[in-house]
Amino acid sequence: MRVLRLLMTVSAVALLSVACAHAPRCDRLFVGGIVHTPGGAQRLEVAVEGGKIVALVPPGEAGAWRKAAKQVVDVSAAHVYPGFTESHGHLVGYGASLEQVDLRDAASFAEVVERVRKAAATVPPGAWVMGRGWDQNLWPGKAFPDDAALSAAVPDHPVLLRRVDGHAVITNARGLAAAGITSATPDPPGGRIIRDASGEPTGVLVDTAADLLAGLVPEPSAADIERRVLLAGRHLTAFGFTEFHDAGTTAPELAVLRRLEAEGRLPLRIYVMLLGSEDALLDAELPAGPRVSPDGMLTVRAVKLFADGALGSRGALLAQPYSDDPGNRGLEVTSESRLVEVIRRAASAGFQPCVHAIGDAAVTRVLDIYEREVGPGGRGLRPRIEHAQIVRPPDVPRFAALGVIASVQTSHCIADMPWAPARLGAERIAWAYRWRSLLAAGARLCLGSDVPVESPDPRLGVWAAVTRRTPEGTPPGGWNPAEALTPAEALAGYTSWAAYAGFEENRRGAIAVGYAADLTIFDRDLTSDDAAEILQAHVVRTVIAGRDVFAAGSGT
Ligand SMILES: [Zn+2]
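Predicted model only: the values in this text are computed from it and were never measured.

Peer 1: Hey, could you run me through the overall build of the chain in this one?
Peer 2: Per the secondary structure count, the chain includes 20 helices and 23 strands. A globule of 556 residues ought to have a C-alpha radius of gyration of about 24 Å, and the chain, at 26 Å, matches this closely. Taking the principal axes of its C-alpha atoms as reference, the chain extends roughly 95 × 55 × 50 Å. Sorting the 556 residues of the chain into buried and exposed places 54% on the buried side. Put simply, 71% of the contacts in the chain that link residues at least 6 apart link residues at least 24 apart. In the chain, the 55 positive side-chain charges and the 63 negative ones have mean positions that sit 5 Å from each other.

This is how it looks when you write it as structure tokens:
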């Protein structure tokens, strides 16, 4: 026994001396975790120095590292994954949606007022407070309210609260004053200003009357953008994200992101896709070429375009008409000539083209343009098709042949299941959300949510990818389950595959020595055979460059 122990000690010392010729330097040592490395899940201690992973050491062999570590972090049997990336979302739009007060289940007008009062306390006086989802049919009496209670509770902010159907708004005295609506204001054509017995407006504006107010909501200021970036960042890091691919950054947004980066205040890594409809932005950014900030927090090297619209509103561009709308093939959101022009400009500047294409005709068109303008294999530009929702069989192998990445949102599949078959009909529905077909044909994928269209919660994304069922479990066998991903593939979609989509596979997306110390730590195994585990997992810690950006229960 003593000999054995002696041997083990000798081998540990040998290992350490191989790992590090000098005394190790270590800012933080993460101990006690099950670490998901490219070689599999194993108990390892993760040593971090200068924002990078400097050693992965089996427990019991980490004595020198424990001595050297400025801080030892015990993650107590949690599962340590490479830092997650949201591969497609809208950062400022997400922040704006979080600032809107959610009124969907408010059981009384008093509850509406209380929620709006709380929200108003978090934004500067004078700023608009937006909310949506109220329904007076859920309230005692089922009548429209008047603004008195709202105006008393929220005196300093104009308020705009949309009804659940979007066809009416409630505002307060500040909002009525801003719009100049008084007892003397006539009802506009197609709208109604609800009035009390004495003819005074009550704050409820129906249909076109609501436009009197909505037109006043100002374009976001730099301060609004900054606040929304930081708010979105707090939520995203709590969901476990360490990087966000922003699918259409505007010039004012980029200016704020650059300033936050320079001040060390970016809440997570941002991969910018410049909004390709803004010529001035392209003129300003493309000539300088792709850029990554020295700390790796802000990358500008992609351009976002829209080939078509969305399936739900029948805006996705289809080769044949909608099955439930025979005269309609959808919308060409950007002309083919404009797509060609911007893709050509982006490619010659070394920028990655990322084109939104949902309908099968839009996917074919974008693949055709990539083939002509970028060339086979993608010429190192890693062109992307965002969404790639409906892909005709002959187009499936073209993704791999052209080096095109399919940037997919797995939660769209389970959200769209109820109505997508009616839109597409029996044949084409088999071409929808076909992740397994694309992978089997050699395509690369990356996963995201299109937040705020869907929740960014990666547990939902992994669950949808693996089960193709709603969180409630329908349909029981999954919807077209042959197209599902394995848990390991879904995880890769949020980590190593996403890193490839952002040209970062040599420094992010894996837990390996020399890689950025970006970690997403869950309390259970997302790759368990029991899919129910996925939705029950909780993020315990999110780490960017070795620094905690979220720790459960700590308020960070
Ligand atoms: Zn999007």
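Still to come is the rest of the account.
Peer 1: Can you help me understand the packing of helix α11 (residues 336–348) against helix α12 (residues 360–373) in this one?
Peer 2: In a pair of packed helices, the angle between the axes and the distance between the axes together describe the arrangement. Look at α11 against α12: their axes get within 10 Å of each other, and the N-to-C directions meet at 40 degrees. With respect to each other, α11 and α12 are oriented oblique. For the element pair α11 and α12, the recorded crossing hand is right-handed. Contacts between α11 and α12 involve E336, L339, V340, I343 and R344 on the former and, on the latter, R365, I369, Y370, R372 and E373.

Peer 1: So what exactly am I meant to see when it comes to the sheet that holds strand β7 (residues 101–102) here?
Peer 2: Note: strands within a sheet are paired through backbone hydrogen bonds, in either parallel or antiparallel orientation. Taken together, six strands build an open sheet; the order of strands is β7-β8-β9-β10-β12-β11 and the sheet is mixed. In the strand order of this sheet, the two ends are held by β7 and β11 (191–195), each with one partner. Summarising the sheet, strand β8 (residues 129–134) and strand β9 (residues 159–163) pair through five bridges and their orientation is parallel. Opposite M130, over in β9, you have L160 as the bridge partner.

Peer 1: Which parts of the structure should I look at to understand the coordination of the zinc ion?
Peer 2: Metal coordination angles in their ideal form are 109.5 degrees for the four-donor tetrahedron and 90 or 180 degrees for the six-donor octahedron. With distances of 2.1 to 2.2 Å, the protein atoms coordinating the zinc ion are H88 (NE2), H90 (NE2) and D450 (OD). D450 gets classed as buried once you look at its relative accessible area, which sits at 9%.

Peer 1: How should the nonpolar core be read in this particular structure?
Peer 2: As a rule of thumb, nonpolar side chains are buried together in soluble globular proteins. I270, L274, L311, I385 and F399 are the most contacted members of the largest nonpolar core, which totals 99 residues. The element best represented in this core is α12, accounting for seven residues. Every residue in contact with L311, bar those within four places of it in the chain, is listed here: A316, Y322, I358, Q389, I390, W419, A420, R423, L424 and Y433. Grouped together as the second largest cluster of nonpolar side chains are 23 residues, V101, A106, F109 and I170 included.

Peer 1: Mind showing me how you'd approach the pattern of salt bridges here?
Peer 2: Pairing of side chains with opposite charge becomes possible as their charged atoms draw close. All chains considered together, the criterion is met by 45 salt bridges. E341 is paired through a salt bridge with R338; the nearest N and O atoms lie 3.4 Å apart. Of this pair, E341 and R338 both sit in helix α11, three residues apart, which is roughly one turn of that helix. On the basis of relative accessible area, E341 is assigned to the partly exposed category, the value being 38%. The class for R338 is buried, based on a relative accessible area of 17%. E504 is the partner of R507 in a salt bridge, and the nearest nitrogen-oxygen pair spans 3.9 Å. On the basis of relative accessibility, which here comes to 1%, the residue E504 falls in the buried class.

Peer 1: Even after reading the chapter, I still don't get the packing of helix α3 (residues 91–99) against helix α8 (residues 222–238), so can you show me in this structure?
Peer 2: Two elements in contact, α3 and α8, have axes separated by 7 Å at closest approach and are oriented at 85 degrees. By the angle between their axes, α3 is roughly perpendicular relative to α8. Note on element contacts: α8 touches α3 through I225, R227, R228, V229, L231, A232, H235 and L236, opposite L91, V92, Y94, G95, A96, L98 and E99. By residue class, the composition of the contact of α3 with α8 is ten nonpolar, two polar and three charged.

Peer 1: Help me out: how do you make sense of the packing of aromatic side chains in this one?
Peer 2: Within a pair of aromatic rings, the relevant descriptors are the distance that separates the centres and the angle that separates the planes. Under the counting rule described, the total for this entry stands at nine aromatic pairs. Between Y81 and F522, the ring centres sit 6.2 Å apart and the planes meet at 70 degrees, which makes this aromatic pair edge-to-face. Here the residue Y81 occupies a position in strand β5 (residues 79–82), and F522 occupies one in strand β21 (residues 519–522), the gap between them amounting to 441 residues. Neither Y81 nor F522 differs from the other in exposure class; each is buried. Members of the aromatic cluster, joined through ring pairs, are Y81, F84, F241, Y494 and F522. When the ring centre of Y500 is taken as reference, the NZ or CZ atom of R444 above it lies at 3.7 Å.

Peer 1: I'm lost on the confidence of the model for the chain in this one. Help?
Peer 2: Regions with low pLDDT carry predicted coordinates that are not meant to be interpreted in detail. For the chain, the average pLDDT comes to 93, and 96% of its residues sit at 70 or higher. Contacts for the low-pLDDT stretch residues 1–21, under 50 throughout, to residues beyond four places or in other chains number seven contacts.

Peer 1: Explain the pairing of strand β13 (residues 241–249) here, please?
Peer 2: Two faces belong to every sheet, and in a regular strand the side chains alternate between them. The element β13 is largely enclosed, with a buried count of nine among its nine residues. Judged from the four bridges that link them, strand β6 (residues 84–89) and β13 form a sheet pairing that is parallel. In the strand pairing of β13, T85 is matched with E243.

Peer 1: Sorry if this is basic, but what is going on with helix α18 (residues 487–494) here?
Peer 2: Residues separated by three or four positions in an α-helix point in the same direction, a consequence of the helix having 3.6 residues per turn. Across the eight residues of α18, seven count as buried, placing the element largely inside the fold. Listed in full, the buried residues belonging to α18 are P487, E489, A490, L491, A492, G493 and Y494.

Peer 1: Please explain the side chain of E45 as it appears in this structure.
Peer 2: Here E45 lies in strand β2 (residues 40–49). Side-chain polar atoms of E45 contact the side chain of R66, separated by 2.7 Å. Not counting residues up to four positions away in its chain, the partners in contact with E45 are L29, F30, V31, A55, L56, V57, P59, A62 and R66.

Peer 1: Got a minute to help me understand the state of the cysteines in this structure?
Peer 2: Covalent bonding between the sulfur atoms of two cysteines is what defines a disulfide. The tally for this structure, following the rule as stated, stands at zero disulfides. The thiol of C354 is not disulfide-bonded; the next cysteine sulfur, from C446, is found 8.5 Å away. You can see C413 has no disulfide; the closest cysteine sulfur is in C446, sitting 17 Å from it.

Peer 1: Just checking my understanding: could you explain the side chain of R468 for this structure?
Peer 2: Mapped onto the secondary structure, R468 falls in the loop between α17 (458–467) and α18. Among buried charged residues, R468 stands out as having no salt bridge; its nearest opposite-charge side chain is E483, 5.5 Å away. Of the polar contacts made by the side chain of R468, one reaches the backbone oxygen of W479; its length is 2.6 Å. A polar contact of 3.1 Å, which involves the side chain of R468, links it to the backbone oxygen of N480.

Calculation rules
Residues numbered from 1 in each chain as written. Predicted model: local features only at pLDDT ≥ 70, side-chain atom pairs only at ≥ 80, totals over all residues. Heavy atoms only, no water. Helix = DSSP H or I, 4+ residues; strand = E, 2+ residues; numbered from the N terminus. Rg over C-alpha atoms; globule rule 2.2 N^0.38 Å. Buried < 20%, exposed > 50% of the residue type's maximum accessible area, 1.4 Å probe, protein only. Contact = heavy atoms within 4.5 Å. Lys, Arg positive; Asp, Glu negative; His and termini not counted. Charge placed at Lys NZ, Arg CZ, Asp CG, Glu CD. Axes fitted to C-alpha atoms, helices over the stretch in contact; angles between N-to-C directions. Parallel < 35°, antiparallel > 145°, perpendicular 65-115°, else oblique. Left-handed = near helix turned anticlockwise from the far one by under 90°. Pairing = 2+ DSSP bridges. Donors = N, O, S within 2.8 Å, 3.2 Å for Na, K, Ca; no water. Core = buried A, V, L, I, M, F, W, Y, C linked by side-chain atoms within 4.5 Å. Salt bridge = Lys/Arg side-chain N within 4 Å of Asp/Glu carboxyl O. Nonpolar A, V, L, I, M, F, W, Y, C, P; charged D, E, K, R; others polar. Phe/Tyr/Trp six-rings, centres within 6.5 Å; stacked < 30°, edge-to-face > 60°. Lys NZ or Arg CZ within 6 Å of the ring centre and 35° of its normal. pLDDT = per-residue confidence, 0-100. Polar contact = N/O pair within 3.5 Å; in protein donor to acceptor, adjacent residues only side chain to side chain. Disulfide = S-S within 2.5 Å.

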